[in-house]
Amino acid sequence: MATKRSVGTLGEADLKGKKVFVRADLNVPLDDAQKITDDTRIRASIPTIKYLLEKGAKVILASHLGRPKGVTPKFSLKPLVPRLSELLGLEVVMAPDCIGEEVEKLAAALPDGGVLLLENVRFYKEEEKNDPEFAKKLASVADLYVNDAFGTAHRAHASTEGVTKFLRPSVAGFLMQKELDYLVGAVANPKKPFAAIVGGSKVSSKIGVIESLLAKVDILILGGGMIFTFYKAQGLPVGKSLVEEDKLELATSLIETAKSKGVKLLLPTDVVVADKFAADAESKIVPATAIPDGWMGLDVGPDSIKTFAEALDTTKTVIWNGPMGVFEFEKFAAGTDAIAKQLAELTGKGVTTIIGGGDSVAAVEKAGLADKMSHISTGGGASLELLEGKPLPGVLALDEA
Ligand SMILES: Nc1ncnc2c1ncn2[C@@H]1O[C@H](COP(=O)(O)OP(=O)(O)O)[C@@H](O)[C@H]1O
Ligand SMILES: O=C(OP(=O)(O)O)[C@H](O)COP(=O)(O)O
């Protein structure tokens, strides 16, 4: 698999005075007052930038923010300057654009150890089109390329892929390396027993991941909205729960695959059902085989949590993608919280715990356990694609080690 090869790294390259184009994923959430509400991705980008600065390089930092259509002030990267400056301990210079004369001047004036933050690369439609002329313009201000934007590595865009055609070397930053080490390395060569926990709303969005993990894991725990498609496929009543009617056969075949591969497949044995999809819904715990008419399953029940915990206690590596229930509603967050708590404890006992991006990361952060896991991915879509075994264009474009 192409994504499994090792990528080039910064190593011992002579960086003194070199202009380094660093593509980071600084796509952080901002509130209406343009205040950063979660700076995880900014903090995750710091080690690579700091390393380059310590080596005397000039850093030209690029990212997208959101999905703007053309120049859109609310998607400007300007609000990130104070936090970046604070974390780096220097004044980051903000460019008014990401290409053009002004950027060239600012890049030329940058001292060794200085940082120039380019404006949102997605202000140009050429970015997402991976336009070679645009990529060439981005590249023109730098000597070499470092991709640390794991969260955007599944996009073949000008600043993640096209630009590598014009800059050599093109290597991975520390965050990119760490993500690949865990999501490719630890998953390909796990300490066993190896368990995967897959949740989230739909089977359809996780088919690829489940199929790919079934080839590697000893234990597969399923939770979230997808379980009702599995129940229905087995002829059980599911009330008003989320079901994908067109995925019933697939659910049956995934159960068969697990059996044939000797994977211990655990579906919840009890569920928390609600009379409506709301934070203040009436709720009760019922056996998975007896979901009443008119009720919907919104979380896994206490017996399931116990069974899952016993299985997880035997493991050496665990990867988790997707919440166990509608954790956004306090009443239905117990299953997800229990997994987060147990993984934090297992990490303390030497188990490798990997949180594969998206809503599971939000759940772990909500539980205040983010720093207790072995690895928390900064990419939702990217980690999912990687776990599915898909090659990531942003990684493929980099030099081979
Ligand atoms: N039983 C359920 N019924 C409906 N939605 C659910 C259920 N369990 C979890 N969800 C929802 O699934 C969503 C997350 O799904 P998904 O995007 O697939 O996960 P992730 O982002 O971790 O990959 C959450 O918003 C959560 O509320
Ligand atoms: O936030 C991101 O993706 P994610 O929400 O899947 O982690 C990345 O910055 C990629 O953004 P995109 O999905 O607009 O290309």
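Quantities reported herein were computed from a predicted structural model and do not represent experimental measurements. (Residues numbered from 1 in each chain as written. Chains lettered and ligands numbered in written order. Predicted model: local features only at pLDDT ≥ 70, side-chain atom pairs only at ≥ 80, totals over all residues. Heavy atoms only, no water.)

Explain the site of ligand 2 to me, and be specific about the residues and the numbers.
Neighbouring residues of ligand 2: D25, N27, R41, H64, R67, R122, G151, T152, R155, G379, G380 and G381. Taking D25, its side chain carries an N or O atom lying 2.8 Å from an oxygen atom of ligand 2. A distance of 2.7 Å is found between an oxygen atom of ligand 2 and a backbone nitrogen or oxygen belonging to G380. When the free accessible area of ligand 2 is taken as 400 Å², the share hidden by the protein chains comes to 78%. For the shell around ligand 2, the class distribution of residues is no nonpolar, seven polar and five charged. Counting contributing residues per domain, the shell around ligand 2 is built from domain 1 (5-173) and domain 2 (181-386), each supplying no fewer than three. (Near = heavy atom within 4 Å. Polar contact = N/O pair within 3.5 Å; in protein donor to acceptor, adjacent residues only side chain to side chain. Areas by Shrake-Rupley, 256 points an atom, 1.4 Å probe, with all protein chains shown as cover. Nonpolar A, V, L, I, M, F, W, Y, C, P; charged D, E, K, R; others polar. Domains from an automatic or database assignment.)

Describe in detail the environment of N130, supporting the description with residues and values.
Checked against the element boundaries, N130 lands in the loop between α4 (125-128) and α5 (132-139). Distance in space between the C-alpha atoms of N130 and V163 is 8.7 Å, their sequence separation being 33 residues. Ignoring anything within four residues of it in the chain, the contact list for N130 reads A156, H157, A158, E161 and G162. In this structure the side chain of N130 is engaged in a polar contact, spanning 3.4 Å, whose partner is the backbone oxygen of A156. (Helix = DSSP H or I, 4+ residues; strand = E, 2+ residues; numbered from the N terminus. Contact = heavy atoms within 4.5 Å.)

Outline the site of ligand 1, listing residues and values.
S201, K206, G297, E328 and D359 are the nearest of the 18 residues found near ligand 1. Backbone polar atom of G297 to a nitrogen atom of ligand 1: 3.0 Å apart, as the coordinates give it. Residue G322 places a main-chain N or O atom 3.4 Å away from an oxygen atom belonging to ligand 1. Protein chains shield 82% of the accessible area of ligand 1, which is 570 Å² for the free molecule. Here ligand 1 occupies the second largest pocket. Taken together, the elements giving at least two residues each to the shell around ligand 1 come down to β12 (296-300) and α12 (359-366). Partitioned by chemical class, the residues of the shell around ligand 1 number four nonpolar, eleven polar and three charged. (1 Å grid on protein atoms, 1.4 Å probe; cavity = no way out; pocket = protein on both sides within 12 Å on 5 of 7 lines; lining within 4 Å. Sits in = over half its atoms within 2 Å of the grid points.)

Lay out unusual backbone geometry with the relevant residues and their values.
Cis rather than trans, the peptide bond between R168 and P169 has omega equal to -5°. For the bond running from K192 to P193, omega is 0°, close enough to zero to count as cis. You can see P193 is positioned in the loop between α6 (174-188) and β7 (194-198). Phi at Q34 takes a positive value of approximately 65°, unusual for a residue other than glycine.

Give a description of empty space enclosed by the protein that names residues and reports values.
For the structure shown, the criterion picks out one cavity of 30 Å³ or more. Counted as a void, the largest cavity has a volume near 30 Å³. Taken together, F327, A333, T336, D337, A363, K366 and A367 form the lining of the largest cavity. When residues of the lining of the largest cavity are traced back to their parent elements, those giving at least two are α11 (334-348) and α12. Grouping the amino acids of the lining of the largest cavity by side-chain chemistry returns four nonpolar, one polar and two charged. (Points joined across faces, edges and corners; volume = space filled by probe spheres on them.)

How would you summarise the domain arrangement of the protein chain if you had to cite specific residues and measurements?
What the domain assignment lists for the protein chain is domain 1 (5-173) and domain 2 (181-386). Each of domain 1 and domain 2 has a C-alpha centre, and the two are 35 Å apart. At the interface, seven residues of domain 1 touch ten residues of domain 2. Carbon and sulfur atoms supply 61% of the area that domain 1 and domain 2 bury against each other, a total of about 640 Å² over both sides. Looking at the side of domain 1 facing domain 2, the largest losses of area belong to R41, F150 and H154, adding up to 73% of the total buried there. Viewed at the interface, domain 2 and domain 1 are joined by zero salt bridges. Remark: the boundary between domain 1 and domain 2 carries one residue pair in polar contact (both at pLDDT 80 or more). The residue inventory of the side of domain 1 that touches domain 2, partitioned by class, reads two nonpolar, three polar and two charged. (Buried area = accessible area lost by both parts, 1.4 Å probe. Salt bridge = Lys/Arg side-chain N within 4 Å of Asp/Glu carboxyl O.)

Any chance you could break down the packing of helix α7 (residues 207-214) against helix α9 (residues 248-261) for me, citing the residues and the numbers?
In the contact formed by α7 and α9, the axes pass within 10 Å of each other and the chain directions differ by 15°. By the criterion of interaxial angle, the relationship of α7 to α9 is roughly parallel. Like other packed secondary-structure pairs, α7 and α9 cross with a definite hand, here left-handed. On the side of α7, the interface is formed by I207, I210, E211 and L214, while α9 contributes L250, L254, T257, A258 and K261. Split by residue class, the contact of α7 with α9 holds six nonpolar, one polar and two charged. (Axes fitted to C-alpha atoms, helices over the stretch in contact; angles between N-to-C directions. Parallel < 35°, antiparallel > 145°, perpendicular 65-115°, else oblique. Left-handed = near helix turned anticlockwise from the far one by under 90°.)

Can you tell me about the UniProt feature "binding site: (2R)-3-phosphoglycerate" (unreviewed entry) in the protein chain, naming the residues and giving the values?
What UniProt calls "binding site: (2R)-3-phosphoglycerate" (unreviewed entry) maps, in this numbering, to R41, R122 and R155. Of the residues annotated just before, the largest pocket has R41 among its lining. Mapping R41 onto the fold places it in helix α1 (residues 40-54). Side-chain polar atoms of R41 contact the backbone oxygen of N27, separated by 3.0 Å. Residue placement: R155 occurs in the loop between β5 (144-147) and β6 (170-172). Residue class for R155 comes out partly exposed when judged on its relative accessible area of 30%. When residues no more than four places from it in sequence are discounted, the contact partners of R155 are R67, R122, T160, P393 and G394. (UniProt positions renumbered as here; feature names shortened; annotations may be inferred. Buried < 20%, exposed > 50% of the residue type's maximum accessible area, 1.4 Å probe, protein only.)

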